[in-house]
Number of protein chains: 2
Amino acid sequence: METWKKFEQNVVSHSAAHHLMAISELLASNGYARVTDVARRLDITRGSASITLKALRERGLVVEDENKFLHLSEQGRELANLIQSKRKILITFFHEILGVPEDAAETDACKIEHLISEETGEKLLAFIKFLMSGSKKADELLKAFNNYQLECGDISSCHLCFDDCFLHDHDQDNVE
Amino acid sequence: METWKKFEQNVVSHSAAHHLMAISELLASNGYARVTDVARRLDITRGSASITLKALRERGLVVEDENKFLHLSEQGRELANLIQSKRKILITFFHEILGVPEDAAETDACKIEHLISEETGEKLLAFIKFLMSGSKKADELLKAFNNYQLECGDISSCHLCFDDCFLHDHDQDNVE
DNA sequence: GACGTTTGTTTGGCTATTCAAACAATACGG
DNA sequence: CCGTATTGTTTGAATAGCCAAACAAACGTC
């Protein structure tokens, strides 16, 4: 399978992920979640929410009351938590560590939260924990990175020109 | 506009991005790129490629010869390079720095390369450059992170439980 | 020049996601 | 009991991608 086709092969789609998280958040804030509440929260029509939620019910991620109240199954809850964790990890990394403005960080995180693997999420979490552990080494490095960014002026002078920098270092390691 | 709806609002879709990159790579490796070549490279039918490439032609990202040979417009080339740069940056970060296995890093990068903003890409590039600059501080930190990872054993013991760790540090800063 | 291959396009079908609009069921007020 | 509002579902239409299959044009071979 070509790598690029794996884009669609995720546990849940972006839309489905947000339906699950909407239920989770509504339960936490309002105590209940119905089709209408999910639709309102996601700013889509009740019809759309109804259909998507029906599919999630059939997949066993969402459960419905006798009274039409929606709940997450154990599996659904785990999935929602997983994605929410990834989002928080990404926002923290982009904003707190890289210094991307908060709203841009949130947009980027929202786009990719349901796409990154558990493995990458875990490693990134470990990295963030390490950098924010308060250890002298980490603090110094973060400070140094801030200065480095300032020195570079607008890093935009570089404009994502990755190639020139150090891409082939590895190949050339052997050549030396 | 709800943040979560921005998922679809990108310069190009995942599919379109890969059509552009396929042309770019085919031109580099074979010297030419036709509809059939793009289709073969992406492992889709010629029909699908034909339609997607037609749309890209209409958007001015792809140009066609008198002889049906495909080329990228200036804009198309820039876009392809941008996305390719982001992919390389992401792979480097996931694999070289976080220690995610190479194929997992590539899969993750492929999924999100066309989604992250220029700003995040630039900051991430700066961060990578800084960490891989060979400076003593950076090297020590990377080594320390590796040890940290080993100590934690399988970080899976933590399982993306972001919340407990330090999420609310900021709110609590003020409380003290 | 007839036959087979390659190439590019078009068509019909499928899935997922959205909307708008129609509809049914339930509930509340008077 | 009638009218109105709320809720949830269904239906028809749109878009984006994909496939399979049919098709036309061009090229090669003998």
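For clarity, every value in this text was computed on a predicted model and none was experimentally measured. (Residues numbered from 1 in each chain as written. Chains lettered and ligands numbered in written order. Predicted model: local features only at pLDDT ≥ 70, side-chain atom pairs only at ≥ 80, totals over all residues. Heavy atoms only, no water.)

Participant: Help me out: how do you make sense of a negative patch on the surface in this one?
Facilitator: A cluster of like negative charges, contributed by A:Glu96, A:Glu102, A:Asp103, A:Glu106 and B:Glu119, occupies part of the molecular surface. Counting through the fold element by element, B:Glu119 comes out in helix α6 (residues 118-131). A relative accessible area of 32% means that B:Glu119 is categorised as partly exposed. (Patch = residues over 30% accessible without salt bridge, like charges linked within 9 Å, V, L, I, M, F, W, Y side chains within 5 Å. Areas by Shrake-Rupley, 256 points an atom, 1.4 Å probe, with all protein chains shown as cover. Salt bridge = Lys/Arg side-chain N within 4 Å of Asp/Glu carboxyl O. Lys, Arg positive; Asp, Glu negative; His and termini not counted. Charge placed at Lys NZ, Arg CZ, Asp CG, Glu CD. Helix = DSSP H or I, 4+ residues; strand = E, 2+ residues; numbered from the N terminus. Buried < 20%, exposed > 50% of the residue type's maximum accessible area, 1.4 Å probe, protein only.)

Participant: Is there a simple way to think about the protein's contact with DNA strand D in this case?
Facilitator: Inspection of the region around DNA strand D gives 19 residues, with A:Thr36, A:Arg46, A:Ser50, B:Ser13 and B:Ser48 positioned closest. Close to the protein, within 4 Å, the atoms of DNA strand D belong to sugar or phosphate groups at a rate of 64%. Contact distances for DNA strand D include 2.7 Å between a phosphate oxygen and a side-chain N or O atom of A:Ser50. Within the side chain of B:Ser15, one N or O atom sits 3.1 Å away from a phosphate oxygen of DNA strand D. When contributions to the surface near DNA strand D are tallied by element, the ones reaching two or more residues are α2 (35-42) and α3 (46-58) of chain A together with α3 (46-58) of chain B. The biggest single contributor to the surface near DNA strand D is α3(A), with six residues. Grouping the constituent residues of the surface near DNA strand D by class yields four nonpolar, eight polar and seven charged. (Near = heavy atom within 4 Å. Polar contact = N/O pair within 3.5 Å; in protein donor to acceptor, adjacent residues only side chain to side chain. Nonpolar A, V, L, I, M, F, W, Y, C, P; charged D, E, K, R; others polar.)

Participant: Sorry, what's going on with the packing of aromatic side chains here?
Facilitator: Each pair of aromatic rings is reported with the distance of its centres and the angle of its planes. Per the stated rule, a full pass over the model turns up 12 aromatic pairs over all chains. Where A:Phe93 meets B:Phe93, the ring centres are 5.1 Å apart and the plane angle is 25 degrees; that geometry is what we call stacked. Of this pair, A:Phe93 sits in helix α4 (residues 74-97) while B:Phe93 sits in helix α4 (residues 74-97), on two different chains. Looking at A:Phe93, the relative accessible area reads 1%, which means it is buried. A centroid spacing of 6.2 Å and a plane angle of 70 degrees characterise the contact between A:Phe127 and B:Phe93, whose relative ring orientation is edge-to-face. Here A:Phe127, found in helix α6 (residues 118-131), pairs with B:Phe93, found in helix α4, and the two come from separate chains. (Phe/Tyr/Trp six-rings, centres within 6.5 Å; stacked < 30°, edge-to-face > 60°.)

Participant: Please clarify how the interface of chain A and chain B should be interpreted in this entry.
Facilitator: One frequent convention defines the size of an interface as the accessible area lost when the parts assemble. Between chain A and chain B, the contact holds 75 residues from the first and 75 residues from the second. Across the chain A/chain B interface, buried area totals approximately 6,800 Å², and carbon plus sulfur atoms make up 73% of it. Inspection of the chain A/chain B interface yields 12 residue pairs in polar contact (both at pLDDT 80 or more). At the level of elements, α1 (14-29), α2, α4, α5 (102-112), α6, α7 (136-151) and α8 (163-166) of chain A are the ones that each hand at least two residues to the side of chain A that touches chain B. Top element by residues in the side of chain A that touches chain B is α6(A). It accounts for 14 residues. Here the side of chain A that touches chain B is composed, by residue class, of 38 nonpolar, 18 polar and 19 charged. (Contact = heavy atoms within 4.5 Å. Buried area = accessible area lost by both parts, 1.4 Å probe.)

Participant: I tried to follow the relation of the copies chain A and chain B on my own but got confused; where do I start?
Facilitator: There are two copies of the chain, and a rotation about an axis plus a shift along that axis relates them. Once chain A is rotated about the relating axis by 180 degrees and shifted along it by 0.0 Å, it coincides with chain B to within an RMSD of 0.1 Å. Read as a symmetry element, the transformation amounts to a two-fold axis. Considering only C-alpha atoms, the part of chain A nearest the rotation axis is A:Ile112, at 3.1 Å. Residue by residue, 100% of the interface of chain A is reproduced at the interface of chain B, so both copies engage with the same surface. (Least-squares fit on C-alpha atoms with pLDDT ≥ 70 in both.)

Participant: Would you take a moment to explain the packing of α4(A) against α6(A) for this structure?
Facilitator: When two helices pack together, their arrangement is captured by the angle between the axes and the distance separating the axes. All names here are of chain A. It is at 10 Å that the axes of α4 and α6 come closest, and there the two elements cross at 45 degrees. Compared by their axis directions, α4 and α6 come out oblique. Judged by the sense of rotation from one axis to the other, the crossing of α4 with α6 is left-handed. Side by side, α4 and α6 meet where Leu82, Lys86, Ile89, Leu90, Thr92, Phe93 and Ile97 of the first sit next to Glu118, Gly121, Leu124, Leu125, Phe127, Ile128 and Leu131 of the second. Looking at the contact of α4 with α6, its residues break down into 10 nonpolar, two polar and two charged. (Axes fitted to C-alpha atoms, helices over the stretch in contact; angles between N-to-C directions. Parallel < 35°, antiparallel > 145°, perpendicular 65-115°, else oblique. Left-handed = near helix turned anticlockwise from the far one by under 90°.)

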